Amino acid sequence: MLVIHKMATTTAITFSLFSHSLRLLSKSKPSSSSFTSSFRHCFSVSARFPGRQLSSVNRTGFCTAVATTESAETGINAEEKKVDDKNFSEVKIKLPTNDSSEKLLRIRHTCAHVMAMAVQKLYPNAKVTIGPWIDNGFYYDFDMDPITDKDLKRIKKEMDHIISRNLPLVREEVSREEAERRIKNQNEPYKLEILASIKEEPITIYHIGDEWWDLCAGPHVQYTGNINRKAVELESVAGAYWRGDVNRPMLQRIYGTAWENEEQLKAYLHFKEEAQRRDHRRLGQDLDLFSIQEDAGGGLVFWHPKGAIVRHIIEDTWKKIHIDHGYDLLYTPHVAKADLWKISGHLDFYKENMYDQMSIEDELYQLRPMNCPYHILVYKRKLHSYRDFPIRVAELGTVYRYELSGSLHGLFRVRGFTQDDAHIFCLEDQIRDEIKGVLDLTEQILLQFGFDQYEVNLSTRPEKAVGGDDIWEKATSALKDALNDKGWSYEVDEGGGAFYGPKIDLKIEDALGRKWQCSTIQVDFNLPERFDITYVDSNSEKKRPIMIHRAVLGSLERFFGVLIEHYAGDFPLWLSPVQARVLPVTDTQLPFCCEVVNKLKANGIRAEVCYGERLPKLIRNAEKQRIPLMGVVGPREVETGTLTVRSRFGGELGTMLVDDFTSRIKKAVENRMSF
C-alpha cells in the first residue's frame, strides 16, 4: 500500500524520552553525567531578504549565518524594506541543526526547562506536562489559565533572570517509588501518567539549582549561564490537547526558539519573516488561487479559476511525460465496497485514517483512502503473460483521509486530495530498470517546476516484514543499483522500510532550503499476495509479479502549496495563471485593448484587459497580482498597433508590435524561459 508521507503542520519534533518538569522538593545536588552523540548534518536555506546582507562564516564543522545591518550608503528606511520579491537579494544561509550541533540541542532542551521553571514561578497553579526540543527551538505544554502573547514578555524576563543566575543543571537517579512520592507531593497529575509510561530504571531527574527539577533523560548545558539570553525568543502560544487526544484537557503550548548566538537568531528571524511572506495560505487568498470553505467543511479545497489553471498545466505536463514514458492513464471510482478494503488490509492497518462506511442497498461502501486496490482490479481484469511486462498504469486519483480539525493546514494537510499515483507490475529481473526509469521520470517532472535539489533516502527491511529474504535482498539491491546508475547520493535508513517492501523517498528543496517530502518509490510484496495476482511464465506456470508503488508530486494540493511558497506567488511565465494584462491609459483605448487580448488568447496566451482606474493604480494592481507582463496602450499605441511593454522583473521593455509581443511570449513559454 502506498503511503504518502505528509509534512506535519507544526515543526517536526524530536523528543527526549521524557522531557518533563517539576518543582524541586529536596536541596540535594547529585553529580551530573555526560552525554555524547554524533551529529553530521547542517540545515541550509537559500533565501531572499529585503535591505540586508547576510554572509556565511564557518564555525567548527558547521555553518552559521551572520546578519549585518544596513550601511549608511543604502539609505533604506522602513517603507523601502517592504519591497517586492524582485528587489530581494539572493543569499545563502546555513544554520546549525539539532543533528549537527550537540551544543545547540543542549541549549534548546535546557531552555524548555528554564521556561517551565519561569512559568511556575509566575503562575504557581500551572501544571507541567512535557517540554521537548524541536527543529527550530523548543516548546512546553502547561495546564493553566489561557495566556496571550503579551504574557510571553513577562515569562521571557523571568527566564533571563534564571539564566543570569548561572544555576547548575545536575542529574540525579532515583527509584520509581521516590519519583512517585515527589510527584504526589507536588500534586502534578500529568507527571504521574508520564512516570507510568517510563519503562527504564532508574528514573533520572535534572535539577536547576536547588529550586526546580524535571523528570528527564537529558542532555543539558552545565549551567543556565551557558545560554545566551539574547539568542532566545518566545514566539507564540497555541492550544494543544494532552497526548493529542481531543477527549483530554486542552493545554497551553508555549513555543520558543533558541540559538547559540545572536547572529544565528537574527538569521533565523529573517528566514521566518521570509517564510511568512511566502505563506501559501495568505498568497492563496491574495492572489485568488484557492480557498477552504468552512460551509463545506475543513480540509476540503476549492480551486478558484486562477488556481485551477495552474492545476490544469500541472496535470497536462504530468500526463504528457507519463505517456511518453510508457504509462497508461486510468480513471477509477472514488468509492468501493468495504470488502475491497478488507482484502487490501486497509481496514486492519489504516482504519483510523478512513471515513465511516456508508450503506447502499444493504451493502457497505467506503470512500477510498488510496488508489492501489483499484489499479490491482484493473490488472486482474484479464490473464497476463510474462511477455506483457512491465505494465505501467498511472492516475491522478482523488482520495479521502480523516484528519483531526486541529491538524489541518492550508493545502499541506487536507481531508481530500489528488495523488499522482502510479503502479508498475514487473518481473523480478526488471526491478532495477523500472526503478531507474522512475528516477528519470521524477527528475524530468521536478525540473519542469524548478526543483533540482533533492535529499534521497533508501529504507531497508524492518524487523517485521512480509516476503522472503531472497526477494528483499534482490529488491533492495535493485533500488541501490538504480540510485547508483542515476549517480544520486543517498542515505540508508536501516530497518526503515515498510513492512511490505523497501522504498526510496525523495525530498525536494525549495527556495528557502526547506525540505518537502514529495516523491516516493515503494516495492510491494504484500498486495500481490493479498489479491492473488498472477501471470503465466515461460513454462506456462502461474507466478506472482512484483508491484511498485510510486508518486512524484505526492498530491496536487500539497505540491501546489509548495510551488506557491517556492516562487512566493511569482510563478514563471509558462506557469502563471495570467501571463499578460493589457492596460489602457483611458477608456478610449479599450476597444483596441480587447482586440489585443483576443489575439493573444487565440495564440494560446492567457491574457486579460483591466481598466476603470488611473494607469498608475492599474500597474500597481498588476504588480500585486504577480502578473508577469503588462502591455500599456495609449493613443500612440493605437495608431501604430503597438504596446508599451512592462515586465514585473525587467521593468520597462519599450514599445513592441502586437505580433512581436505575441511571438516572444510563445517562444518564452515553449522554452520555459523568462520573457
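Residues numbered from 1 in each chain as written. Predicted model: local features only at pLDDT ≥ 70, side-chain atom pairs only at ≥ 80, totals over all residues. Heavy atoms only, no water.

As annotated in an unreviewed UniProt entry, the chain is threonine--tRNA ligase from Opuntia streptacantha. Annotation of the chain in UniProt includes, under Sequence similarities (unreviewed entry), the sentence "Belongs to the class-II aminoacyl-tRNA synthetase family." In the Catalytic activity (unreviewed entry) part of its UniProt record, the chain is described as follows: "tRNA(Thr) + L-threonine + ATP = L-threonyl-tRNA(Thr) + AMP + diphosphate + H(+)". (UniProt positions renumbered as here; feature names shortened; annotations may be inferred.)

This part takes up the side chain of K156. Mapped onto the elements, K156 comes out in helix α2 (residues 149-164). Within the structure, the side chain of K156 is placed 2.7 Å from the side chain of D160, a separation counted as a polar contact. What K156 contacts, discounting residues up to four positions off in sequence, is R229, V232, E233 and L234. (Helix = DSSP H or I, 4+ residues; strand = E, 2+ residues; numbered from the N terminus. Polar contact = N/O pair within 3.5 Å; in protein donor to acceptor, adjacent residues only side chain to side chain. Contact = heavy atoms within 4.5 Å.)

Turning to the pattern of salt bridges, a few remarks are in order. In this structure the tally under the stated criterion is 49 salt bridges. For R544, the salt bridge is made with D532, and the minimal N-O distance between the two is 2.6 Å. With R544 in the loop between β28 (542-543) and β29 (546-555) and D532 in the loop between α13 (527-530) and β27 (535-536), the pair connects residues that are 12 residues apart, well separated along the chain. Relative accessible area serves as the criterion here: at 33%, R544 is assigned to the partly exposed category. What makes D532 partly exposed here is its relative accessible area of 48%. Across the pair D659 and K599 runs a salt bridge, and its minimum N-O distance is 2.0 Å. Of this pair, D659 sits in helix α18 (residues 658-670) while K599 sits in helix α15 (residues 590-602), and the two are 60 residues apart along the sequence. According to the relative accessible area criterion, D659 is partly exposed, its value standing at 46%. (Salt bridge = Lys/Arg side-chain N within 4 Å of Asp/Glu carboxyl O. Buried < 20%, exposed > 50% of the residue type's maximum accessible area, 1.4 Å probe, protein only.)

By secondary structure assignment, the location of I619 is in helix α16 (residues 615-624). What makes I619 buried here is its relative accessible area of 16%. As for I619 and R646, which are separated by 27 residues in sequence, their C-alpha atoms are 9.1 Å apart. Dropping the residues within four chain positions of it, I619 is found in contact with L583, M630 and R646.

Turning next to helix α3 (residues 176-186). Of the positions making up α3, those classed as buried are R176, A179, R182, I183 and Q186. Projected onto a plane normal to the axis of α3, the buried residues spread over an arc of 130 degrees and lie on a single side. Seen from the buried face of α3, the exposed residues on the opposite side, beyond 90 degrees, are E177 and K184. Count one or two residues on from α3 and you reach N187, which has phi positive near 55 degrees. (Arc of directions from axis to C-beta.)

Our next topic: the sheet that holds strand β17 (residues 328-329). Spatially, the eight strands line up as an open sheet ordered β17-β21-β22-β29-β26-β25-β23-β24, and their pairing is mixed. Of all strands in the sheet, those with a lone pairing partner are β17 and β24 (491-493), marking the two edges. Where strand β21 (residues 391-400) lies against strand β22 (residues 416-426), 10 bridges are found, and the strand directions are antiparallel. Opposite G397, over in β22, you have Q419 as the bridge partner. (Pairing = 2+ DSSP bridges.)

Membership of the largest hydrophobic core comes to 63 residues, with the highest contact counts inside it found for I435, F449, I508, L553, F559, F560 and L563. Beyond its immediate chain neighbours, meaning those up to four positions away, L563 contacts I314, F449, F451, F571 and L575. V119, I147, I163 and W212 belong to the second-largest nonpolar core, a separate cluster that totals 33 residues. (Core = buried A, V, L, I, M, F, W, Y, C linked by side-chain atoms within 4.5 Å.)

Quick look at a nonpolar patch on the surface now. Among the surface-exposed residues, Y241, V246, M250, Y402 and L404 lie close enough to one another that they form a single nonpolar patch of about 420 Å² accessible area. With respect to the element layout, V246 can be found in the loop between β13 (232-241) and β14 (250-258). (Patch = residues over 30% accessible without salt bridge, like charges linked within 9 Å, V, L, I, M, F, W, Y side chains within 5 Å. Areas by Shrake-Rupley, 256 points an atom, 1.4 Å probe, with all protein chains shown as cover.)

Taken N-terminus to C-terminus, the directions of helix α11 (residues 431-448) and helix α12 (residues 469-486) make an angle of 45 degrees; their axes are 8 Å apart at the nearest point. The angle between α11 and α12 places the two elements in the oblique class. For the element pair α11 and α12, the recorded crossing hand is right-handed. Where α11 approaches α12, its residues I431, R432, I435, K436, L439, D440 and E443 are matched on the opposing element by A475, A478, L479, D481, A482, L483, D485 and K486. Tallied by class, the residues present in the contact of α11 with α12 amount to eight nonpolar, no polar and seven charged. (Axes fitted to C-alpha atoms, helices over the stretch in contact; angles between N-to-C directions. Parallel < 35°, antiparallel > 145°, perpendicular 65-115°, else oblique. Left-handed = near helix turned anticlockwise from the far one by under 90°. Nonpolar A, V, L, I, M, F, W, Y, C, P; charged D, E, K, R; others polar.)

On to the sheet that holds strand β32 (residues 629-633), then. Pairing is mixed across the open sheet formed by five strands, whose spatial order is β31-β30-β32-β33-β34. Pairing within the sheet leaves two strands with one partner each, and these edge strands are β31 (607-609) and β34 (651-657). Averaged over all pairs of adjacent strands, the angle between their axes in this sheet comes to 25 degrees, without regard to strand direction. Examined bridge by bridge, strand β30 (residues 580-584) and β32 share five bridges and lie parallel to one another. For P584, the partnering residue across the bridge sits in β32 and is V633. Contacts between α16 and the sheet are confined to β30, β32 and β33 (642-647), with β30 contributing the most and set at about 170 degrees to the helix.

Next up on the list: the pairing of strand β9 (residues 137-143). Buried residues dominate β9, accounting for six of its seven residues. Sheet topology note: the strand β7 (residues 127-128)/β9 ladder contains two bridges and is antiparallel. Within β9, the residue paired with K127 across the bridge is D143. Both strand β8 (residues 133-134) and β9 contribute to a ladder of two bridges, which runs antiparallel. What sits directly across from W133, in β9, is F138. In this structure, the hairpin formed by β8 and β9 is closed by a connection of two residues. With six bridges connecting them, β9 and β14 associate as antiparallel partners. When the bridges of β14 are listed, G137 appears paired with T257.

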